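Structural features, examined
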Amino acid sequence: RDQAHVLARDALGRPTEIQGLVVDVTDARTIDRERREARVRYRSLVEAIPAITYLEHASPEAPEESRFAFVSPQIERILGFTPDEATSDLHFFERTLHPDDLPRIREANVRAESTGEPFDEEFRQLTKGGQIRWMHDRAVLVRDDDGAPRFWHGVTIDITDRKEAERNLRLVEARYRTLVEQIPAVTFIETPGAPPDETWFTYLSPQAEDVFGLSSDDLRANPRRLGQLVHPEDRERVEAANAHAEETGESFNEEFRIIRPDGAIIWLDSRAVLVRDDEGRPRFWQGVAIDVTAHRELESRYRDLAGMVFGELDGDAD
């Protein structure tokens, strides 16, 4: 950088003496260039990620205001508002919040502004067209060298698809639970890999208490408890079938007796299939156990009756 000024002129006003100063500003130019490049990289980054990036002036004295210094262009694609509309409206954030979420988010915002702790909340926000989008907003407070608050640097991600998937999953789980808890059978989910004499239940429907005489919690807490209930005359066969299913991945399909804690003998028809993930790896056993005691007793009575009838017929024939 070269700076100079005229010290003396001749009678015609022409400069005869000039004093100048030449300063090496290479470092300053380098820093300036790097700062511009950093700004370009930052803008390229924030305008490429699928989220709204923003800078908001810290305003502990007015936490209900959203004094945005910068809002990335993605806001228009996600919410339908332009960056100018967001930065020019001091109440943009609260104005676009879902009314049911406004009190909770206002309280969280006041807490963040007063403590300087990060802001991290999920909420519903209204688009320019009146639609509802679920957003996850995270922001941290940036301070100057003296520790004074300068601005909030935040990212808002559209999580509507995730929330919709979670809602659908809850509906499916509710329908599944309603179904399995209404049918006259014990439905269970079992983790694969257990020894033949153990059962690693992750879910056991409430009907278990009526059938086994033990609560679902009791049977889940002790993996060996179900095996202990199996009738001694059936235990070896059931454990062998269990080991074969675990080893081959083939379905488990057995009828056997259990002895309940109250001494009652119950016949069970237990069936389970191995559910695998997309890559073929075992995830869990999905099964059902049906109390077939009445059916077995009916069969026994039928056989007894048939024996009596045929015995009488044989006697008459003699």
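The structure we're discussing is the one just above.
Now for a look at the structure at hand. (Residues numbered from 1 in each chain as written. Predicted model: local features only at pLDDT ≥ 70, side-chain atom pairs only at ≥ 80, totals over all residues. Heavy atoms only, no water.)

1. As for the sheet that holds strand 6 (residues 132-143)
Taken in spatial order, the 5 strands line up as 4-3-7-6-5 in an open sheet, and their pairing is antiparallel. Because the sheet does not close on itself, it has two edges, and the strands there are strand 4 (68-71) and strand 5 (119-126). Across this sheet, the average inter-strand angle for adjacent strands is 25°, counted without regard to direction. The sheet contact formed by strand 6 and strand 7 (residues 149-158) spans 9 bridges and is antiparallel. Paired with Arg-138 across the bridge in strand 7 is Val-155. (Pairing = 2+ DSSP bridges. Helix = DSSP H or I, 4+ residues; strand = E, 2+ residues; numbered from the N terminus. Axes fitted to C-alpha atoms, helices over the stretch in contact; angles between N-to-C directions.)

2. What about the sheet that holds strand 11 (residues 265-276)?
Judged by pairing direction, the sheet is antiparallel, and its 5 strands sit side by side in the order 9-8-12-11-10 without closing on themselves. Only two strands of the sheet have a single neighbouring strand rather than two, namely strand 9 (201-204) and strand 10 (252-259). If you compare each strand with its neighbour and ignore which way they point, the axes differ by 25° on average. Those strands touched by helix 10 (residues 232-248) are strand 8 (186-190), strand 10, strand 11 and strand 12 (282-291), and its axis lies near 150° from that of strand 10. (Contact = heavy atoms within 4.5 Å.)

3. A short note on empty space enclosed by the protein
This structure, assessed with the given rule, holds 3 cavities of 30 Å³ or more. Its volume calculated, the largest cavity comes out at about 350 Å³. Together, 26 residues line the largest cavity, and Glu-190, Thr-199, Leu-226, Asn-242 and Phe-252 are the ones closest to its centre. Of all the secondary-structure elements, those providing two or more residues to the lining of the largest cavity are strand 8, strand 9, helix 9 (225-229), helix 10, strand 10, strand 11 and strand 12. No other element matches the 6 residues that helix 10 contributes to the lining of the largest cavity. Taken together, 17 residues form the lining of the second largest cavity, with Tyr-54, Glu-56, Phe-68, Phe-93 and Asp-137 sitting closest to its centre. Elements supplying a minimum of two residues to the lining of the second largest cavity: strand 3 (52-57), strand 4, helix 2 (74-79), helix 4 (92-96), strand 5, strand 6 and strand 7. For the lining of the second largest cavity, the element with the highest residue contribution is strand 3, accounting for 3 residues. (1 Å grid on protein atoms, 1.4 Å probe; cavity = no way out; pocket = protein on both sides within 12 Å on 5 of 7 lines; lining within 4 Å. Points joined across faces, edges and corners; volume = space filled by probe spheres on them.)

4. Regarding the layout of surface pockets
Volume-wise, the largest pocket comes out at about 160 Å³. For the largest pocket, the full set of lining residues is Leu-169, Val-172, Glu-173, Tyr-176, Arg-177 and Tyr-203. Grouping the amino acids of the lining of the largest pocket by side-chain chemistry returns 4 nonpolar, no polar and 2 charged. (Nonpolar A, V, L, I, M, F, W, Y, C, P; charged D, E, K, R; others polar.)

5. Here's the deal with the nonpolar core
A general trend in soluble globular proteins is that nonpolar side chains are found buried together. Grouped together as the largest cluster of nonpolar side chains are 24 residues, with contacts concentrated most on Phe-212 and Leu-219. Residue assignment for this core shows that the elements contributing at least two residues are strand 8, strand 9, helix 7 (208-212), helix 9, helix 10, strand 10, strand 11 and strand 12. No other element matches strand 11, which puts 4 residues into this core. (Core = buried A, V, L, I, M, F, W, Y, C linked by side-chain atoms within 4.5 Å. Buried < 20%, exposed > 50% of the residue type's maximum accessible area, 1.4 Å probe, protein only.)

6. Here's the deal with the environment of Glu-181
Locating Glu-181 in the fold gives a position in the loop between helix 6 (160-180) and strand 8. When the C-alpha atoms of Glu-181 and Ser-205 are compared, they prove to be 6.0 Å apart, with 24 residues separating the residues in sequence. Not counting the four nearest positions on each side in its chain, Glu-181 is found in contact with Tyr-203, Pro-206 and Gln-207.

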